[in-house]
Amino acid sequence: MKVTLNWLKQYVAFDWSPEELAERLTMIGIEVEGVQRLGGEFEGVVVAQVLTRDRHPNADRLSVCRVADGKGERQIVCGAQNFQAGDKVPLILPGASLPAKPGTPPFTIKVGKIRNVESHGMMCSPQELGLPEQIDGLLILSPDAVVGQPLAEYLGRPGSDVVYDLEITPNRPDLNSVVGIAREISAVTGNPLRLPEVTLPATTGAGSAESLVAVRLDAPELCPRYSARVIRGVKIGPSPAWLRQSLEKVGIRSISNVVDVTNFVMLEIGQPLHAFDYHLLTATNGGRPTIVVRRAADGEKFTTLDGKQRTLSPESLLIADEAKAIALAGVMGGQNTEINDQTVDVLLESAYFDPRNIRATAKKLELRTDASYRYERGADIGICDWASRRAAQLILQTAGGQLVDGVVDAFPQPPSHKQITLRHGKVNDLLGVRLSPTENVQHLQRLGLNVTIQNADEYCMVSIPSFRIDLKQEIDLIEEVARLHGINNIPATAPRAAKGFHPYDAVHDELADVRRILTGLGLNETQGQTLISDQSPGVVTTAPWTVLPLANPLSSDMNVLRPSLLPGLIATARHNLNRKNADLALFEIGRVFGQANGQAQEQRRLAFLLTGLRQAPFWSGTEREARCDIYDLKGLLEEFLEQFGFRGVAFSRRADSTALFLESATLQLGKNTLGEIGMLTPVVARANDLRDPVFLAELNLDLLLSLFRPSARSFKPLPAQPAIRRDVAMLVPEATTHEAVLAAVRQAKPANLESTQLFDVFRGKNVPPGQKSLAYAFTYRHAERTLTDADVNAAHEKLVELFKTNLQAVLREGGA
Amino acid sequence: MSFFEQIEPLKLAALAEFAAAPDFAALEQAKGAHLGPQGRFTALLKQLGTLPKEEKPAAGKLVNLAKVELEAALTARRTELELKAALPKDPTDFTLPGRRRPLGKLHPLTRVTEDIVRIFRKLGFAVADGPEIEDEYHCFDALNTPADHPARDSQDTFYLNLDRAVPGAAGAPPPQTGRMLLRTHTSSVQIRVMQGQPPPIRIIVPGRVYRRDNADATHNPTFQQIEGLYVDKHVTVGDLKGTVEFVFKELLGADVKLRFRPHYFSYTEPSFEIDFSSPMVRKMGKEWLELAGCGMVHPKVFANVGYDPEIWTGWAFGFGIERIAMLRYEINDIRLFYENDTRFLRQF
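Computed from a prediction, not measured in an experiment: that's the story for all the values here.

(A) Expanded view of the overall build of chain A. Along chain A, the regular secondary structure elements total 20 helices and 40 strands. Since a compact globule built from 816 residues should have a radius of gyration of about 28 Å, the 44 Å found for chain A marks it as more spread out than a globular shape. Structurally, chain A occupies a C-alpha span of about 130 × 90 × 60 Å along its principal axes. Within chain A, buried positions represent 51% of all 816 residues. Split by element, the accessible area of chain A, about 37,600 Å² in all, is 50% carbon and sulfur.

So this is what it looks like as structure tokens:
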């Protein structure tokens, strides 16, 4: 919504600078999004008359002139030759600046000496003023130019003005008008709002409105008020300059005097108006047309002013005569009855339409107009007649003609004014201020609200005018008081500390702990998109979940909610690899989504991605080129899980490859599946330009957080007794897993065994094909006494025997 | 030379030899030459017995002092030679890059969220969360958003295509209120929390929200907000201002100025937008920059969750986390947050 400074000043007095006005409007809730200065060209340039012209004592080509500027006389040194005493010329006064040429700073005129003679200003050529004329010398003005008149005025350039682009919040339709803004200024300044005086000619003899038009409301629920006036004998033509400029400054194109008036009044008071060519209405009985406000028929076709044919449904409201539709109510007029050069008689519509209906129609037809914008936010049902009379007055002024007596105003049920009680104590309680009842009442009255004081100390009753449809209950009035009192004047009170509570609070800390551990392990945190393509690799869900699609995606790149964090991590890897960031150690914590039996599901997960070099770049050592392998990721998971409080997580290999993993395993803790780990299948890796092997894992974080973990660590005394270590190196079949060895250990349960550590896995020299060599260190310790070899031997030998029988192990050198 | 006169020269000769010994072998040889069984100093010691009785104590004291000194010098020289032997052949180049163990970095949005959470927790706020998939009731109706408000439009809000539920089947959905959607603001959690627990309430809610905007430098369909809600008896606009000022001064620096402009949100009244001003904002060529929206919880919202608006009042406010992060780190493209380029991530 745009308004101008000069326009506002027609309705309310204020002496703020343009900047202060912007600040004031912003601070009462009308945000100024843009300020544009108009006109103000040729500032400091006036019409002047050369009184005398003498030769410069020190320069042949210069002259010294005495010049009248309207206020007095000045001495000017001038180099031009094309003028004489008596000529009227533009004079720029000291302190003013010549218009800047593009790319150069403006040139400011100063009092100075030219060849020892003082010059108090400069007479200008058209080129110097940036005017199109090409003259060798001064611009000679017409002899009847008024000396002292600003040049801009002489040239007929518009005076200076300031255009404000305002953001009007949707709850305040009354502010979509210049008067509405002026009313706010009036409330802030206390200066009265001055609405234009509307006086219409008394009986004109042009007949009565009732004899020329009837109005029938067939859908009063969508149009509770419709008024029609008739002006006869107008002459359609261009608008006068003031009208044209008023519209153009706020970005409305001038069309013709009558149409411009309807737009002007809409901008002025906020009430959309429409003018029909009266003779294009189809008259039936007795030559009097009837305006019918009705719903459209299903599939009814109608051509709007913009020349487009629209197909309508009964949800849309039409203005019609008895033969045809003539306007899409509240949105746009029809081509068949629009004002044209031949229009002589005008029917002026001023009506109120249901906001929801107008919004629905405008949205359905994708047709937004200044009228629909105002109607859909809520127009002022009480202002229809005033707006109609105001427009009639201006049409008579700008297009001539005669006003037909009276108005046909179909308004079966005028609503009563809403009454709201404001408790003064509540104002202070909610705002944290101490305002007196008098102050509250004064604020409300300044806004144009009618306050009927009922109990001076405790409360007052406020009658809400029809233009303030946003005021519905007490809190709305409290807000008005707050705005006018000034938010800056509400003292800030120090935060009051107290204990808040929410079950998630502890979860937030646990998540922070997860991040602390993982960043400590050298992983970088990522945050990926929630919305991904259903074609991404890894868009798989765990039964009974299925993928959850959007009903209205922006594109096929983002048409489902991520069912897993892995597709996002793969996309991240691809993005990085394409930018030569080849070494990645990443984790993400985020939610994944799915549906089960028509119900949306959410789950918090933790995912990992490793690829590229295992270690930070270094300049020496044989390991420096080593790439990550699956045990790097497994080690990270083991360390994370243990630090986070979980022991005994088993990794269970999946027999087959999956769509995402070449090889993978699930993580089991008791009966719970915590997640999975695996190596990305080369098919996906290749498709994503991933060259080094990529390792992925994903854990169900909600599940992890729900499982029991020891909340506090308990201290175990450090061992006081020495330990005995026994190493075992053995050949076992390839299929024998480390877990199988551990199971054998658990089965043997050797006395005093403290720990089992695998320290070598070897294939090659001296190891037959199909076998591998495993080397373990077994540490034995007793808590209270020093173990002897004899103590250990029995238990250890039993263990080794079990390896032989259960695992087909063959002991290698130095065993047992 | 008398016995006494011999002590000092012998000692000095031994000390000089010890000091001059270039390695352990030479040092051991020198030790043998002086302090060994056939050594010269040992020979002197042996003469001690030949002295007259009255000279013995003084001579013995002197000789012993010299011997202690020699042994100390020997030990010192040994340590010196040991260190010399331990030194690498070439001196270590301390300018060579070290073998790094890089610490992982938190995502910048996590960092900013954590900073905000920390500040609120100083005031006793608890962190809360809620589902990102919401129904229309919690996202709009309960927040007093009119039924035909444009925010509900499928142009602006993502709706979900859920399968039709099998009635009576396990896990059948509870009766929903309205269409299912991706929440457009964290304010929906206000409703869930107030429905779930009695006042007073003091929570903050960080989380992802969704708007149907094409991605560009300032938009991403997913972004993050943080919401604060405080409900108690006698809560005023003054409290809102005081808390907001505390939080943003902690977050953005004590030199920021804040201002509150009246605004409109359906779920608060009065409603305000908060602008801030700082040297950084002025460097951007502006006086004020919009920061957050806030207001007093609307009585209708309280009524919707069953709180009596005559007893309880409260405030809520919310703002975008990306916006704060972009201001703080001078990041000019929101998409960087979701691309996770490691050269970006490693900077925070």
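There is more to say after this.
(B) Structural context of the overall build of chain B. For chain B, the count of helices and strands is 13 helices and nine strands. Taking 20 Å as the expected radius of gyration for a compact globule of 348 residues, we find that chain B reaches 41 Å, considerably beyond that expectation. Projected onto the principal axes, the alpha-carbon positions of chain B cover approximately 125 × 55 × 45 Å. Of all 348 residues assigned to chain B, the portion counted as buried reaches 50%. Long-range pairs, those at least 24 residues apart, make up 67% of the contacts in chain B with a sequence separation of at least 6.

(C) The arrangement of the interface of chain B and chain A in detail. Across the boundary between the two partners, chain B contributes 103 residues, which contact 91 residues of chain A. Along the contact surface separating chain B from chain A lie 54 residue pairs in polar contact (both at pLDDT 80 or more). For the side of chain B that touches chain A, the element with the highest residue contribution is helix 8 (residues 237-252) of chain B, accounting for eight residues. Considered class by class, the residues forming the side of chain B that touches chain A number 46 nonpolar, 27 polar and 30 charged.

(D) The nonpolar core, seen in detail. By size, the foremost hydrophobic cluster in this structure holds 105 residues, and its most contacted members are A:Leu606, A:Phe608, A:Phe640 and B:Phe248. Discounting residues that sit within four places of it in the chain, B:Phe248 has contacts with B:Gly253, B:Val256, B:Leu258, B:Ile274, B:Leu291, B:Ala292, B:Phe317, B:Phe319 and B:Ile324.

(E) Molecular detail of the environment of A:Asp321. Residue and element names in this part refer to chain A. If you trace the backbone, Asp321 turns up in the loop between strand 19 (317-320) and strand 20 (325-328). Once the C-alpha coordinates of Asp321 and Tyr504 are considered, the two residues, 183 residues apart in sequence, prove to be 64 Å apart. Every residue in contact with Asp321, bar those within four places of it in the chain, is listed here: Leu280, Leu281, Thr282, Thr290, Val292 and Ile326. From its side chain, Asp321 meets the backbone nitrogen of Thr282 in a polar contact 2.8 Å long. In terms of polar contacts, Asp321 uses its side chain to reach the side chain of Lys324, at 2.7 Å.

(F) View of the pairing of strand 32 (residues 599-611) of chain A. Residues and elements named next belong to chain A. Summarising burial for strand 32: 11 of the 13 residues are buried, a large majority. Here 13 bridges tie strand 31 (residues 584-596) to strand 32, and the two strands are oriented antiparallel to one another. Within the sheet, the bridge partner assigned to Arg591 lies in strand 32 and is Arg604. Between the antiparallel neighbours strand 31 and strand 32 lie two residues, among them Asn597 with a positive phi of about 50 degrees. The sheet contact formed by strand 32 and strand 36 (residues 694-700) spans seven bridges and is antiparallel. Across the sheet, residue Arg605 finds its bridge partner in strand 36, namely Asn700.

(G) Structural view of the confidence of the model for chain B. Across chain B, the average pLDDT comes to 91, with 97% of residues at or above 70. For this predicted complex, the interface score ipTM comes out at 0.82, while the overall pTM is 0.82.

(H) The arrangement of the domain arrangement of chain B in detail. With domains assigned, chain B is organised as domain 1 (3-86) and domain 2 (108-345). Spacing between the C-alpha centres of domain 1 of chain B and domain 2 of chain B amounts to 86 Å.

(I) Expanded view of a nonpolar patch on the surface. All names here are of chain B. Side chains of Phe4, Leu62 and Leu65 sit close together on the surface and give an oily, nonpolar patch of about 260 Å² of accessible area. Mapping Leu62 onto the fold places it in helix 4 (residues 56-86). On the accessibility criterion, Leu62 (41% relative accessible area) is partly exposed.

(J) Seen up close, the sheet that holds strand 31 of chain A. All names here are of chain A. Spatially, seven strands are ordered 28-31-32-36-35-34-33 in an open sheet, and the strand pairing comes out mixed. Lying at the two open borders of the sheet, with one neighbouring strand each, are strand 28 (524-526) and strand 33 (650-653). Between one strand axis and the next, the sheet turns by 25 degrees as a mean value, whatever way the strands run. The sheet strands contacting helix 15 (residues 566-578) are strand 28, strand 31, strand 32, strand 34 (661-669), strand 35 (672-680) and strand 36, and the helix crosses strand 32 at an angle near 35 degrees.

(K) Structural view of the side chain of A:Glu31. Summarising the element assignment, A:Glu31 is placed in strand 2 (residues 31-38). Since its relative accessible area comes to 17%, A:Glu31 is described here as buried. Discounting chain neighbours no more than four positions away, the residues touching A:Glu31 are A:Thr26, A:Asp165, A:Leu166, A:Glu167, B:Arg261, B:Glu273 and B:Glu290.

(L) Representation of helix 10 (residues 384-399) of chain A within the structure. Residue and element names in this part refer to chain A. Its 16 residues give helix 10 an end-to-end C-alpha distance of 21 Å, which sits within 8% of 22 Å, the value for a rise of 1.5 Å per residue. Across the 16 residues of helix 10, 14 count as buried, placing the element largely inside the fold. A positive backbone phi angle near 70 degrees is found at Gly400, which sits one or two residues after helix 10.

(M) Looking closely at the sheet that holds strand 38 (residues 753-762) of chain A. Residues and elements named next belong to chain A. Here we have four strands laid out as an open sheet, ordered 38-39-37-40, and antiparallel in their pairing. The open sheet has two free edges, formed respectively by strand 38 and strand 40 (810-811), since each of these has just one partner strand. Where strand 38 and strand 39 (residues 771-780) come together, eight bridges link them in antiparallel fashion. Bridged to Leu753 within strand 39 is Tyr780. Against the sheet, helix 20 (residues 789-807) touches strand 37 (724-733), strand 39 and strand 40, its axis set at about 10 degrees to strand 37.

(N) Quick peek at the packing of helix 7 (residues 257-269) of chain A against helix 10 of chain A. Residues and elements named next belong to chain A. Packing of helix 7 against helix 10 leaves a shortest axis separation of 9 Å and a crossing angle of 140 degrees. Overall, the two elements helix 7 and helix 10 adopt an arrangement that is oblique. Here the hand of the crossing between helix 7 and helix 10 comes out right-handed. When helix 7 is examined against helix 10, the residues Asn257, Val258, Val261, Phe264, Val265, Glu268 and Ile269 are found in contact with a partner set consisting of Trp386, Ala387, Arg390, Ala391, Leu394, Ile395, Thr398 and Ala399.

(O) The arrangement of the state of the cysteines in detail. All names here are of chain A. Within this structure, the stated rule accounts for zero disulfides over all chains. A disulfide-free cysteine, Cys78 has its sulfur positioned 5.6 Å from the sulfur of Cys65, the nearest such atom. Taking relative accessible area as the criterion, Cys78 reaches 6% and is therefore assigned buried.

(P) Representation of the packing of aromatic side chains within the structure. All told, the structure shown has 26 aromatic pairs over all chains when counted by the stated rule. On the numbers, 6.2 Å between centres and 90 degrees between planes, the contact of B:Phe3 with B:Phe4 is edge-to-face. One aromatic cluster is present, built from ring pairs that chain together B:Phe120, B:Phe125, B:Tyr230, B:Phe248, B:Trp315, B:Phe317 and B:Phe319. Looking at A:Arg53, its charged tip hangs above the ring of A:Phe83, at a distance of 4.3 Å from the centre. Taking the ring centre of B:Phe125 as reference, the NZ or CZ of B:Arg202 above it sits at 5.6 Å.

(Q) Inspection of the side chain of B:Asn220 at higher detail. Residue position: B:Asn220 is located in the loop between strand 4 (201-210) and strand 5 (222-232). For B:Asn220, a relative accessible area of 2% puts it in the buried group. A distance of 3.0 Å separates polar atoms of two side chains, one belonging to B:Asn220 and the other to A:Gln529. Here B:Thr222 takes part through its backbone oxygen, which lies 2.7 Å from a polar atom of the side chain of B:Asn220. Beyond its immediate stretch of four places on either side in the chain, B:Asn220 contacts A:Gln529, B:Asp213, B:Ala215, B:Ile334 and B:Tyr338.

(R) Region of interest: unusual backbone geometry. Residue and element names in this part refer to chain B. Between Pro199 and Pro200 the backbone carries a cis peptide bond, its omega angle lying at 0 degrees. By the element assignment, Pro200 lies in the loop between helix 7 (187-196) and strand 4. Here the amide bond leading from Glu269 into Pro270 is cis, since omega sits at -10 degrees, within 30 degrees of zero. You can see Pro270 is positioned in strand 7 (residues 268-277).

(S) The pattern of salt bridges, seen in detail. Residues and elements named next belong to chain A. For the structure on display, the rule yields 81 salt bridges over all chains. Close ionic contact of Arg604 with Asp702 constitutes a salt bridge, the shortest N to O distance being 3.3 Å. With Arg604 in strand 32 and Asp702 in helix 18 (residues 701-706), the pair connects residues that are 98 residues apart, well separated along the chain. In this structure, Arg781 engages Glu754 in a salt bridge whose closest nitrogen and oxygen atoms are separated by 2.7 Å. A residue pair is termed long-range when its members are at least 10 positions apart, and Arg781 in the loop between strand 39 and helix 20 and Glu754 in strand 38 qualify at 27 residues.

Thresholds, definitions, all that
By convention here, each chain's residues receive numbers from 1 onward along its written sequence. Working convention: letters from A go to chains and numbers from 1 go to ligands, in the order in which they are written. Note on the predicted model: pLDDT of at least 70 is required for a residue's local features to be given, and 80 or more for side-chain atom pairs to be given and counted; whole-chain, interface and lining totals, by contrast, use all residues. In computing side-chain properties, one takes all heavy atoms of the structure into account and sets aside hydrogens as well as water. Under the scheme used here, helices are H or I runs from DSSP no shorter than 4 residues and strands are E runs no shorter than 2 residues, and both carry numbers assigned from the N terminus. In this description the radius of gyration comes from C-alpha coordinates, and the expected globular size is given by 2.2 Å times residues to the power 0.38. Only protein chains enter the accessibility calculation, which uses a 1.4 Å probe; a residue whose area is less than 20% of its type maximum is buried, one above 50% is exposed, and one in between is partly exposed. Accessibility throughout is a Shrake-Rupley quantity obtained with a 1.4 Å probe, and a residue counts as covered only by protein chains that appear here. Any two residues whose heavy atoms approach within 4.5 Å at even a single point are treated as in contact. Polar contact criterion, stated in full: a pair of N or O atoms within 3.5 Å, where within protein one must be able to donate a hydrogen and the other to accept it, and residues adjacent in sequence count only if both atoms are side-chain atoms. Charged means Asp, Glu, Lys or Arg here, nonpolar means Ala, Val, Leu, Ile, Met, Phe, Trp, Tyr, Cys or Pro, and polar covers whatever is left, Gly included. The term nonpolar core refers to a set of buried residues drawn from Ala, Val, Leu, Ile, Met, Phe, Trp, Tyr and Cys, joined through side-chain atoms within 4.5 Å. A strand pair is defined by DSSP finding two or more bridges across the two strands. pLDDT expresses, on a scale from 0 to 100, how confident the predictor is about each individual residue. The domain boundaries here were taken from an automatic or database domain assignment. Put simply, a patch holds well-exposed residues, over 30% relative accessible area, that have no salt bridge, with like charges counted together within 9 Å and Val, Leu, Ile, Met, Phe, Trp or Tyr side chains within 5 Å. Here, a salt bridge means any side-chain nitrogen of Lys or Arg that lies within 4 Å of a carboxyl oxygen of Asp or Glu. Between N-to-C directions, angles span 0 to 180 degrees; the directions come from axes that are lines fitted to C-alpha atoms, helices contributing only their stretch in contact. An expected span of 1.5 Å times one less than the residue number is assigned to each helix. Oblique is the label for any angle not covered by the other classes, which are roughly parallel (under 35 degrees), roughly antiparallel (over 145) and roughly perpendicular (65 to 115). With the far helix as reference, a near helix turned anticlockwise by less than a right angle produces a left-handed crossing, and one turned clockwise produces a right-handed crossing. Cysteine sulfur atoms that pair up within 2.5 Å are treated as a disulfide. Aromatic pairs are defined between Phe, Tyr and Trp rings, using the six-membered ring for Trp, whenever the two ring centres lie within 6.5 Å; interplanar angles under 30 degrees are classed as stacked, those over 60 as edge-to-face, and all others as tilted. For a lysine, the NZ atom is tested; for an arginine, the CZ atom; a charge sits over a ring if that atom is within 6 Å of the ring centre and within 35 degrees of the ring normal.

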